[in-house]
Amino acid sequence: MDPTGLFFYLVSVLIAGGIYAILCLALNVQWGMGGLFNAGIAGFFAVGAYTSAIVTTAESSRHLGGFGMPIVVGVLAAALLAGIAGAAVARICVRLKSDYLAMASVGIAEILRLIIVNEAWLTNGSLGISGIPRPFGETFTGRQSDLALLGVVWLTVLIVYIICQRLYVSPWGRTLRAIRDNEASAQAVGKNVESFRLQTFVIGCAIMGVAGALSAHFYKSLSPSATEPLLVTFLVWVMLMAGGSGNNRGAILGALTIWFIWSATEIFTNRLPPEWISRSSYIRMLLVGLLLQFVLQRYRSGLLPEKSPRLHGE
Amino acid sequence: MNELVTFINLYLIPGLVIGSIYALGAVGISMIFGILRFAHFAHGDLMTIGGYGVLAAIALIPVNPLFLLPFGIALSIVCALAVDRFFYRPLRDLPTIYTVISSFGVALIFRAAVQLVWSSGNQVFQSGVRKPLVLFDTFRISALHAQAIVLTVVIAIALHLFLTRSKTGRSMRAVSDDPELAAIAGLDTEKVIRWTWIIGAALAATAGVFAGADTSMHPNLGWNLLLPMFAAAILGGIGKPMGAIAGGLIIGVAEETMTYPWFGAEPLISPSYKSAVAFSIMVVLLIFRPQGLFKGRLL
Amino acid sequence: MSALLSVTSLTAGYGGAPIISGIHLDVAENEIAVIIGPNGAGKSTLLKTIFALTKIASGAIAFAGRDIKGLKTAALVPLGISAVPQSRNVFPTLSVEENFDIGTYAAPPPDRAAAFERVIALFPDLRPKLRQPAGELSGGQRQMVAMGRALMSAPKLLLLDEPTAGLSPAYLEKIFDLLLDIRKAGVTILMVEQNAKQALRIADTGHVLVNGENFVSGPGRELLADETVRRSFLGGAG
C-alpha cells in the first residue's frame, strides 16, 4: 500500500472507530452508569441510520422521502427516533430484572430489522438507500470529504463525551450510580428508580441513533446488512468491557483499541489465500468472543477502571 | 369443512411442529433461568450445534437423521458443559448479568465455530420430496412433522416423571425454588447444575435437528429461534419446565395461525412478520403478567 | 463426658469487621441449648458459622470430637448436623412430602420409608397435607415442614434459627412442645430464640450473646432467675 493509500485507510479506520466510540459512550451511559443491559444496540443504530438517510437524501420514489434536509436535522431526527424506540422498550422492562430488558432489547432489534427488510415503501427493503450526502459534500469531494467527515465524527465524539462526563458527575449521574450499586437503598431514600432507569436507557439509545446517522453519511448507502445485528452489538460490548465500564474515557479507549485490533487483523487476513479469507472472519469472531470471556474473568475493570468506588460486581 | 381441513393441514399442524421446536428449546432456557438465574443467550446456538452434529454424522452414516440424534445430543452436551465449566462458572459469584454478557459472547463463539467447521451455507439433511402421511383421507402430515410432535409429547411426559419422581429431578426443583435452602439441606448444587446443562443441551439439540430437518441447517438457525423461545419460557413461567413446553406450543401455534386469512382473503399478519407475534406476546407478558401463565418465578 | 458440639474462640463475619468474636460455647449431648441476646448480637451469625455458611476468621469448631472447621455445609449433613433457617425455610413449590424427601438426599437413611414414618409421627398435623405445595401452608406448618426436612437425615444435632418467629402464641406453645419431643427422640438442639423467657424455661442451657461476644452462660432456670439477665434481656419482671 502506498503512503497516501495507507493514510486514507487510516482515516477511514479512524472514522469508523469514532462511530464505535460514540456507540460505546452510549452503552456506557446505559450499562456503565445505569447497569442496564442492552442487547439490541444494532437496532437503535439502524433506526438512526435510516432516519438520517431518509431525512437528508434527495427525493426518491424508492423509499419514503427523501426530504433533502440538512445533515444536522437528520442527525437530530435520528437521535429523536432512536430515543423513542428506546423509550418503548424501557417502559416495558425497567421495573424488571436486567435479564428481561436484555431479552426485550434483542426482540426490538429483531422487529426493527424486520421492518427495515419488509417495509419497502419506507426503506426500499433489501435494496436499501443510496445517495446519502456527506457533511460539507458541496465543498469537499473524494478523499477530502473523508477528512471533513473525520473532523465531524470526532467533533461529535467530543460533544458526546462532554455530555456523558457532565451526566456522570451531575447529581443525576450520582443518583444513577447509587441505584446501580444498591437499588434498595436508593429506593429507600426516595429516588424514583424506574424513572431514572427509563431516562438512562432513552439517552443511551438516542446517542446510538446519532452514531447510526453518522455511519449512514460515512458509507453513503445503506442496506439491511449494514447493521449486521450481532456484530455491531457484540463489538460494542467487548469494547466497553475492555475499555472499562463506568469510565467515559475508558469507553473511547476501548472502542479505539478493539477497532484497531479488528481492522489490523483484517489487513493481515486479507492477504490469505481466497478460500481462507471467508474463514478468517469467523476466526476473528471466535477470537473476539474469547477475548470477551477473558476480559470478563480477569480484567473486569478494563483498561481505564471507573474511579469512584464501585460496589456491585467486584 | 374444507376450510377447516386447510386450516389444520397448513396452519395448525405446522404451528404445532414449530411450537414443539420452541418448546424443547424453551425447557432448557426456563430451567437455566430457574436454577442458574440468568437468561442464556447461547441456547439457540446450542441447538445449531446439535443440528450440525447430526449433519456430520449423516455424512458418515447415511440414515434417517433421527437415528443419529445421539451424536448431536452428545456434541451439544459436551459444548454446554465445557462453556459452563470455563466461562460461566468463574462468574458465578458475580451478579448474574455478567453471565448473561458471557453467554452473549458464547453465542458468537458457537456460531463462529460452526461457520468455521461447516461453512456458512445452507445444508439439508435429506434431499428429495418426502411423501406426507394422509389420515382419514383429509389430514396431511409429513413423517417428520408427526415424529416431531410425537417425540415432543414423549419427552414432555418423561421430563415430568423425571422432575417429580427422581432424586435428581426433585433436587433440581429444590435448587430452582431456593438455592440457599438447597445448600443448607446439603444438596450438591454443582451436580444439579450439571444435570441442568445435560438436559437443556440434549433437548436443544433435538429441537435443532427438527428445525434443520424441517427447512435446512444454517449457522443462524438457532439464534433466529431465540426470541420465540425466550417468549415461551416467560409465558410458561420461569423455572417451570412443563410451562415452557406449553408456552412453546402456544407461541408456535399463535405464530402460524396469525397468518391465516381470518378476515377476508389476506393473511391476518404477513408471514414475514411471524416473529413479531412472539415479541408481542413477550411484551404483553412483561407488562401484565411477567410471572407467566403458570405462576413461575419473577426474577 | 465431652460436649457434642464445642466452639472455641470463634471469630467470624461477612468479609468486613467480624460480627462475632471470641465465642465459646459447649453443647452437651441430648440437651436443648438456647442462644438469646439483643438484636444484632450475632446470634444467627453464630449459628450460620457453625453450619459453614459464613467465613471463619479464627477459632475452632469440634463436633463429636472431630474438627469440622473448614468443612462445607454439604459435608456437615452426613456427619449428623441439620439446620433450619429462620425465613424461607421450605421449598415452596415442592409438596410437603417432597420437602421431607429432600432431607434424605445428603445423608440417605438405610430405610427411607421408616425414616419418614419416624419423622411424620412427630408432626401428625401435616399428614393430611402431604401432597400440598409447602408454600401454601401457614407459617407454623411451614416451620414444621422445615423441621421435618431437617430431621429426615437423622441428625445428632439440630440447629434452629428462631423457630417461633412470627408465629401466634398458640403455635409457639406447640413448637416448644415439639422441641421437647424431638429431644426425647435423641436429638440435641441448639437454637436462637427471640422469645427468650419461654425458651429458657424448656432449655437445659442458655447462652446470652451481646455485641458478638459471650455475656453469660448457664442452666436455663438459673438464667431465668438471674437479676441482670432478667432486667436486660427478659423485659423486666414477670
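Residues numbered from 1 in each chain as written. Chains lettered and ligands numbered in written order. Predicted model: local features only at pLDDT ≥ 70, side-chain atom pairs only at ≥ 80, totals over all residues. Heavy atoms only, no water.

**Some points on the overall build of chain B**
For chain B, the count of helices and strands is 11 helices and two strands. Computed over its C-alpha atoms, the radius of gyration of chain B comes to 19 Å, within 12% of the 19 Å expected for a compact globule of 299 residues. Each principal axis of the C-alpha atoms in chain B carries an extent, and together these give about 60 × 50 × 35 Å. Counting over 299 residues, chain B shows a buried share of 59%. (Helix = DSSP H or I, 4+ residues; strand = E, 2+ residues; numbered from the N terminus. Rg over C-alpha atoms; globule rule 2.2 N^0.38 Å. Buried < 20%, exposed > 50% of the residue type's maximum accessible area, 1.4 Å probe, protein only.)

**Comments concerning the sheet that holds strand 5 (residues 66–67) of chain C**
Residues and elements named next belong to chain C. One open sheet accounts for four strands, arranged 2-1-4-5; its pairing is antiparallel. The open sheet has two free edges, formed respectively by strand 2 (20–27) and strand 5, since each of these has just one partner strand. In this sheet, strand 4 (residues 55–63) lies alongside strand 1 (residues 5–13) in antiparallel orientation, the contact comprising seven bridges. Paired with V7 across the bridge in strand 4 is I61. (Pairing = 2+ DSSP bridges.)

**Description of the pattern of salt bridges**
Per the counting criterion, the structure on display carries 16 salt bridges over all chains. Of the charged contacts, one joins E256(B) and K274(B) as a salt bridge, the two residues approaching to 3.0 Å between their closest N and O atoms. Remark: K274(B) occurs in helix 11 (residues 274–288) and E256(B) occurs in helix 10 (residues 241–257); sequence separation between them is 18 residues. Under the relative-accessibility criterion, E256(B) is labelled buried at 11%. For R127(C), the salt bridge identified is with E117(C), shortest N-O distance 3.0 Å. Pair noted here: R127(C) is in the loop between helix 4 (112–120) and helix 5 (139–151) and E117(C) is in helix 4, with a separation of 10 residues, a long-range link. (Salt bridge = Lys/Arg side-chain N within 4 Å of Asp/Glu carboxyl O.)

**What to know about the interface of chain A and chain B**
Facing 44 residues of chain A, the contacting portion of chain B comprises 48 residues. Note on chain A versus chain B: buried area summed over both sides is about 4,200 Å², and carbon and sulfur give 76% of it. Where chain A packs against chain B, one counts zero salt bridges. Remark: the boundary between chain A and chain B carries four residue pairs in polar contact (both at pLDDT 80 or more). At the level of elements, helix 3 (71–93), helix 4 (98–118), helix 10 (229–243) and helix 12 (274–298) of chain A are the ones that each hand at least two residues to the side of chain A that touches chain B. Here the element with the most residues in the side of chain A that touches chain B is helix 4 of chain A; it accounts for 14 residues. Classifying every residue of the side of chain A that touches chain B by side-chain character gives 26 nonpolar, nine polar and nine charged. (Contact = heavy atoms within 4.5 Å. Buried area = accessible area lost by both parts, 1.4 Å probe. Polar contact = N/O pair within 3.5 Å; in protein donor to acceptor, adjacent residues only side chain to side chain. Nonpolar A, V, L, I, M, F, W, Y, C, P; charged D, E, K, R; others polar.)

**Overview of the environment of S280(A)**
As for its position among the elements, S280(A) is in helix 12. Between the C-alpha atom of S280(A) and that of T265(A), which follows or precedes it by 15 residues, the distance is 9.1 Å.

**Here we look at the packing of helix 2 (residues 43–60) of chain B against helix 4 (residues 97–118) of chain B**
Residue and element names in this part refer to chain B. Contact geometry of helix 2 with helix 4 gives a least axis separation of 9 Å together with a crossing angle of 20 degrees. Put simply, helix 2 runs roughly parallel to helix 4. The handedness of the crossing between helix 2 and helix 4 comes out as left-handed. From helix 2, D45, L46, T48, I49, Y52 and A56 reach across to helix 4, where they touch A107, F110, R111, V114 and W118. Across the contact of helix 2 with helix 4, the residue classes break down as eight nonpolar, one polar and two charged. (Axes fitted to C-alpha atoms, helices over the stretch in contact; angles between N-to-C directions. Parallel < 35°, antiparallel > 145°, perpendicular 65-115°, else oblique. Left-handed = near helix turned anticlockwise from the far one by under 90°.)

**Here's the deal with the confidence of the model for chain B**
Low pLDDT means the predicted atomic positions in that stretch should not be read closely. Taken over all residues, the pLDDT of chain B has a mean of 88, while the share at 70 or more is 95%. Considering each helix and strand of chain B separately, the mean pLDDT is smallest for strand 1 (residues 133–135) of chain B, with a value of 69, and largest for helix 3 (residues 69–88) of chain B, with 96. (pLDDT = per-residue confidence, 0-100.)

**With respect to the pairing of strand 6 (residues 81–84) of chain C**
Residues and elements named next belong to chain C. A two-sided burial pattern is seen for strand 6, the buried positions comprising I81 and A83 on one face and S82 and V84 on the other. Two strands pair when backbone bridges link them, and strand 6 and strand 7 (residues 157–161) are joined in this way by four bridges, in the parallel orientation. Within strand 7, the position partnered with I81 by the bridge is L157.

**A word on the nonpolar core**
The biggest cluster of nonpolar side chains holds 237 residues, and the ones touching the most others in it are F41(B), L5(C) and L190(C). Within the second largest apolar cluster, 46 residues are counted, among which are A134(C), L137(C), L160(C) and I189(C). (Core = buried A, V, L, I, M, F, W, Y, C linked by side-chain atoms within 4.5 Å.)

**What to know about the side chain of S171(B)**
Considering the arrangement of structural elements, one finds S171(B) in helix 6 (residues 167–177). Accessibility expressed as a relative area gives 9% for S171(B), which makes it buried. The contact partners of S171(B), leaving out residues within four places of it in the chain, are L187(B), V192(B), I102(C) and Y105(C).

**Quick look at the interface of chain B and chain C**
Facing the 17 residues of chain B at the interface are 21 residues of chain C. Taken together, both faces of the contact between chain B and chain C bury some 1,800 Å²; the carbon and sulfur share is 60%. For the chain B face of the interface with chain C, the top three residues by lost area are R170(B), L181(B) and I184(B), together amounting to 35%. For the interface between chain B and chain C, the tally reads five salt bridges. As a salt-bridge pair, E180(B) and R88(C) come within 3.9 Å of each other at their nearest N and O atoms. Across the contact surface, chain B and chain C share four residue pairs in polar contact (both at pLDDT 80 or more). Breaking the side of chain B that touches chain C down by element, the ones donating at least two residues are helix 6 and helix 7 (179–184) of chain B.

**Quick word on the sheet that holds strand 8 (residues 188–192) of chain C**
Residue and element names in this part refer to chain C. The strand order across the open sheet formed by six strands is 6-7-8-3-9-10, and the pairing between neighbours is mixed. Either end of the sheet is taken by a strand with one partner, and the two such strands are strand 6 and strand 10 (213–219). In this sheet, adjacent strand axes meet at a mean angle of 15 degrees when their direction is disregarded. By the bridge criterion, five bridges tie strand 7 to strand 8 in an arrangement that is parallel. Within strand 8, the position partnered with L157 by the bridge is T188.

**Describing the packing of aromatic side chains**
Two descriptors summarise a pair of aromatic rings, namely the distance from one centre to the other and the angle between the planes of the rings. Residue and element names in this part refer to chain B. What the rule picks out here adds up to 22 aromatic pairs over all chains. A ring pair is formed by F41 and F104, whose centres lie 5.6 Å apart and whose planes are at 80 degrees; its orientation type is edge-to-face. Here F41, found in the loop between helix 1 (2–35) and helix 2, pairs with F104, found in helix 4; they are 63 residues apart in sequence, far enough to count as distant. One exposure class covers both F41 and F104, and it is buried. (Phe/Tyr/Trp six-rings, centres within 6.5 Å; stacked < 30°, edge-to-face > 60°.)

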